Structure formats: C-alpha cells, structure tokens
Protein chains: 2
Amino acid sequence: MTAVGRALPAPAGSARRGRPGHDLDTVLAIAVEVFNERGFDGTSMEELSRRLGISKSAIYHHVQGKEALLGLALDHALAGLEQAAAEVRAAPGPAVERLESLLRRSVEVLVERLPYVTLLLRVRGNSATERQALTRRRRIDRLVAELVEQAVRDGDLSGDVDPAVVARLLFGLVNSLTEWLKPGSRHTADELAGIITAVAFGGLRVHRQP
Amino acid sequence: MTAVGRALPAPAGSARRGRPGHDLDTVLAIAVEVFNERGFDGTSMEELSRRLGISKSAIYHHVQGKEALLGLALDHALAGLEQAAAEVRAAPGPAVERLESLLRRSVEVLVERLPYVTLLLRVRGNSATERQALTRRRRIDRLVAELVEQAVRDGDLSGDVDPAVVARLLFGLVNSLTEWLKPGSRHTADELAGIITAVAFGGLRVHRQP
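Calculation criteria
- Residues numbered from 1 in each chain as written.
- Chains lettered and ligands numbered in written order.
- Predicted model: local features only at pLDDT ≥ 70, side-chain atom pairs only at ≥ 80, totals over all residues.
- Helix = DSSP H or I, 4+ residues; strand = E, 2+ residues; numbered from the N terminus.
- Buried ≥ 20, exposed ≤ 12 C-beta atoms within 10 Å, placed from the backbone.
- Contact = placed C-beta atoms within 7 Å.
- Nonpolar A, V, L, I, M, F, W, Y, C, P; charged D, E, K, R; others polar.
- Domains from an automatic or database assignment.
- Expected span 1.5 Å × (residues − 1).
- Core = buried A, V, L, I, M, F, W, Y, C linked by C-beta atoms within 7 Å.
- Least-squares fit on C-alpha atoms with pLDDT ≥ 70 in both.
- Axes fitted to C-alpha atoms, helices over the stretch in contact; angles between N-to-C directions.
- Parallel < 35°, antiparallel > 145°, perpendicular 65-115°, else oblique.
- Left-handed = near helix turned anticlockwise from the far one by under 90°.
- pLDDT = per-residue confidence, 0-100.

1. What to know about the overall build of chain A
Phase 1: Along its length, chain A carries 9 helices and 0 strands.
Phase 2: The N-to-C order of helical and strand elements in chain A reads α-α-α-α-α-α-α-α-α.
Phase 3: Here chain A holds 210 residues, and 38% of them are scored as buried.
Phase 4: Across chain A, contacts joining residues at least 24 apart in sequence account for 66% of those joining residues at least 6 apart.

This is the structure we're talking about:
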C-alpha cells in the first residue's frame, strides 16, 4: 500500500521507517478499510487496535485519534480530486474537452485511491471533519456544473437537459464505480475512463447511416 | 405517504384504519427514514419508538421487530424493480429498446419509492434478510447484462466495451440519483429518465455535420 505516500506528514518522533506494517500509511490504509466495512461511527479504537495488531497507545503514537484518521483519509481522496480540478481549470481548450478530461482524471484518482474515495462518498456531514470534506467536494462539483453550462453555451453539449442534473449524473456515473470495483481489479483506470467518457459523450448506441 | 399501499399485508388483528399515523405503512415509512439517516445497525427500537411517538409494544403490534421492518422495506423496493424487469422480459422488440425501457422504468420506481430504493442500495449482506435482498437484486442485474450483450450481438450497442462493465455503469447512473434526489423534487421521473437515456444512448455531445 503506497497510495498515501508523501501526501501525509510524518508525525514528529515516530519511527516510520524500519517498522513495516506499523507506519502511519499502514495504520491509515487499514483504518480506511475498517471504516468502509463497518461505518466510521461503528468503528471503535478497540476494533482498530485488533485489526492492526498493535495496542491503542501505539495507534496514538501516530495519530490523535479516530477523527484525525478520518481527516487524513478524506484529505487523501480530496487532494487527488482537487489536483485534477486545478489542472483542468488551468488547461486551455473548449469546456467540453476540459469536462471530458476532468471525468477521465477523476476516474484515475478514484481507481488509484479507491478505498479513500469510497469513504469520501459516504460522508454525510456528521462532524466538523466531514463538513469540511463536503465543502471541498462541493467546490469540485461546482467546477463540473460550470463546465457543463459553458459547453452548452458553446453548443457542444445538448441544451435540452438541465445542466445541473447532467453535472450530477456525470459524477454519479464516475462515483458508481465505488459500488463494484475492487482494489486490484483487472479493469484499468484507462479502460474505465474510456467507457465512461464513451457513455457520457459518444452514447453507446451505434449510429447507423439511414 | 401512500407508496407502500396494498403491497403490504395488513397484520392480523391490527386496527390499520381509524388510527392515522400509526398504521403499518406509516411505521414502515418512518422506520425507513431513520434507517437511511442512522444506518440500520445504528437504529434501536427505542429510537424508532421515539420517532414514531408510540411505545415499543405498539410497534410490535404491527411487526415482529427491526429486521422484519427492514425485510418489508427492501421488499417494497425490490417488488417494484422486479415488476419492471418482468414487464421488460415479456416485451417484444430488440434488446436495445427493452434495455432502454428497463432503465426508464427503473428510474420511475426509484423516484416513486425513493427512500426504499436508497435503503436497498446500501444493503451489504450483513444478515439473512440482506442476503436475500442482494440475491433478488443480482437477478435484475443479470437481466441488464443479458440485454446489453444481446444488443451488442444485434449490432445496436458498441462492442468496443466490456458488456458487464456497461451494464454496471448503466445501473450506476440510475442508482446515483439516490445520492442527491430529494422526495418531492421538482424533477419528474419522466424528465430524469429522459436525461439518463439521453446520456446512455444518445450521448450528450452534439454531433455536428462535418
């Protein structure tokens, strides 16, 4: 599990190196697994300690507690999506192409950080940490909606349909991957991004010559 | 709340009529609301009793317990979806049109029975009731996959993409409605079904003449 990598600061004084299986990345990866299985509220520090095979105080050596683990996990998902959004914001080209590129990049982040994005999508705003994550998610949603609106104005996307609904459906399509995709799936991010953009922009139906 | 209607048998000896707010339909509707808010495992009979404003024994007058409420709720969602599937199985016409019609009917069921379908989509198989529901859901998923495969063989859907993935994405698109649609939304089932089939089959992008 290397997905977290340098995105996380090493906690002061922790022996991250030389103790395989007990560094912050590993603690976080397993915590996210347990949160996804049992729900955040349904997971106790006792359960985390059991699953990690280390004591609760060893967990507190790495991180302040359950809420801090959730914060780090959500940040890992959001940082990936925000970077994709920033790249698309800075990119030249018509809105419809930037929208397609945002969809494609979002699929890549989702596949690469699958358990983290899965956790993010289940957040409902039950704590300050969750509400901050929702605020950051909404900023990305707004970019999608703006690109859809611009693409409709450009005449590149059909204006017959409500752009806000289209924006939600496009992300619903991407996010639905978390419902069935398993880590290490034989489907690559590239293949999935291709199918999703084909569905959304090309339509699946073969257009025959009359 | 009339969505449950005649689908539910009246429990023997219950005074369903003449006690507004306390019949089985109402108990079920409010239980589903609480399950969706707090999770099934996070909901106690005490909480249900508080939200319903009736005693626990008054709840047991209608239904055996929490698990039975879950069973009735999931059955209400599944019965709607299974009826749609049965209609599509019996319908004449090419697979691509029956697939589109199954998508459209599924959106209608989802909008009409929104909290029930939302609950169904969160089921992970944690009990016999949940596992039975998953088995019934998978039967519908298989019909979708079969229709996609047949439509590819008919040359009506692009064969460049894995039919199993397409089937999952099509239902992911429909099911993503539960993430943001609110009961009493200004979006009608008809409008949403139109947008979803337009995304899936027409593609959103305007095809300009070269």
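Read on, since the account is not over.
2. Here we look at the interface of chain B and chain A
Phase 1: Listed by partner, the interface residues are 31 residues for chain B and 31 residues for chain A.
Phase 2: The set of elements that each furnish at least two residues to the side of chain B that touches chain A consists of helix 8 (163-175) and helix 9 (189-202) of chain B.
Phase 3: Across the side of chain B that touches chain A, the residue classes tally to 16 nonpolar, 10 polar and 5 charged.

3. So, the domain arrangement of chain A
Residues and elements named next belong to chain A.
Phase 1: Here chain A is described as being made up of domain 1 (5-67) and domain 2 (73-202).
Phase 2: In this structure, domain 1 and domain 2 have C-alpha centres spaced 28 Å apart.
Phase 3: With 8 residues of domain 1 in contact, the opposing surface of domain 2 contributes 9 residues.
Phase 4: Of all the elements, helix 1 (residues 24-38) adds the most residues to the side of domain 1 that touches domain 2, at 6 residues.
Phase 5: Looking at the side of domain 1 that touches domain 2 residue by residue, the class counts come to 5 nonpolar, 1 polar and 2 charged.

4. Overview of helix 8 (residues 163-175) of chain A
Phase 1: Here helix 8 of chain A contains 13 residues, and its C-alpha end-to-end distance of 18 Å stays within 8% of the 18 Å for a straight helix at 1.5 Å per residue.
Phase 2: With 11 of 13 residues buried, helix 8 of chain A lies mostly within the body of the structure.
Phase 3: Considered for burial, the residues of helix 8 of chain A that qualify are Val165(A), Val166(A), Ala167(A), Arg168(A), Leu169(A), Leu170(A), Phe171(A), Gly172(A), Leu173(A), Val174(A) and Asn175(A).
Phase 4: Buried positions along helix 8 of chain A lie against helix 5 (95-112), helix 6 (114-122), helix 7 (128-153) and helix 9 (189-202) of chain A together with helix 8 and helix 9 of chain B.

5. Regarding the environment of Val34(B)
All names here are of chain B.
Phase 1: Relative to the helices and strands, Val-34 is located in helix 1 (residues 24-38).
Phase 2: By C-beta crowding, Val-34 is classed as partly exposed, having 19 other C-beta atoms within 10 Å.
Phase 3: Residues Val-34 and Ser-55 lie 21 residues apart in sequence; the distance between their C-alpha atoms is 16 Å.
Phase 4: In this structure, Val-34 is in contact with Thr-43, Glu-47, Leu-48 and Arg-51, ignoring residues within four places of it in sequence.

6. Remarks on the nonpolar core
Phase 1: Ala73(A), Leu170(A), Ile196(A), Ala73(B), Leu170(B) and Ile196(B) are the most contacted members of the largest nonpolar core, which has 116 residues in total.
Phase 2: Ignoring any residue separated from it by four or fewer positions in sequence, one finds Ala73(A) in contact with Leu28(A), Ala31(A), Val32(A), Tyr116(A) and Leu119(A).

7. Observations regarding the relation of the copies chain B and chain A
Phase 1: The two copies are related by a screw operation: chain B maps onto chain A through 180 degrees of rotation and 0.0 Å of translation along the axis, at an RMSD of 0.0 Å. This pairing of chains is accounted for by a two-fold axis. Taking C-alpha positions as reference, the residue of chain B nearest the rotation axis is Gly203(B), located at 1.7 Å.

8. Some thoughts on the environment of Ala29(A)
Phase 1: Considering the arrangement of structural elements, one finds Ala29(A) in helix 1.
Phase 2: Sequence-wise, Ala29(A) and Leu69(A) are 40 residues apart; in three dimensions their C-alpha atoms are separated by 9.6 Å.

9. Considering the packing of helix 7 (residues 128-153) of chain B against helix 8 of chain B
Residue and element names in this part refer to chain B.
Phase 1: Put simply, helix 7 and helix 8 touch, their axes get as near as 9 Å, and they point 125 degrees apart. Comparing the axis directions of helix 7 and helix 8 gives the class oblique. In the packing of helix 7 onto helix 8, the handedness of the crossing is right-handed. On helix 8, the residues that touch Asp-141, Val-144, Ala-145, Val-148, Glu-149 and Val-152 of helix 7 are Pro-163, Ala-164, Val-166, Ala-167, Leu-170 and Phe-171.
Phase 2: Looking at side-chain class alone, the contact of helix 7 with helix 8 contains 10 nonpolar, no polar and 2 charged residues.

10. Brief notes about the packing of helix 4 (residues 66-90) of chain A against helix 7 of chain A
All names here are of chain A.
Phase 1: The geometry of helix 4 relative to helix 7 is characterised by a closest axis approach of 10 Å and an angle of 15 degrees between their N-to-C directions. The orientation of helix 4 relative to helix 7 falls into the category roughly parallel. As helix 4 packs across helix 7, the resulting crossing turns out to be left-handed. Residues Glu-67, Leu-70, Gly-71, Leu-74, Leu-78, Leu-81, Glu-82, Ala-85 and Arg-89 of helix 4 lie in contact with helix 7, whose contacting residues are Thr-129, Ala-133, Arg-136, Arg-137, Ile-140 and Leu-143.
Phase 2: Tallied by class, the residues present in the contact of helix 4 with helix 7 amount to 8 nonpolar, 2 polar and 5 charged.

11. So, the confidence of the model for chain A
Residue and element names in this part refer to chain A.
Phase 1: This prediction gives chain A a mean pLDDT of 86; 88% of its residues lie at or above 70.
Phase 2: In the model of chain A, helix 9 stands out as the element of lowest mean pLDDT, 86, in contrast to helix 4, which has the highest, 97.
Phase 3: Low pLDDT, under 50, characterises residues 1-21; the stretch is placed with 25 contacts to residues that sit more than four places away or in other chains.
Phase 4: Listed scores for the predicted complex are pTM 0.82 and ipTM 0.78.

12. Topic: the environment of Arg104(B)
Phase 1: Along the polypeptide, Arg104(B) turns up in helix 5 (residues 95-112).
Phase 2: When near neighbours in sequence (up to four residues on either side) are disregarded, Arg104(B) contacts Ala193(B) and Thr197(B).

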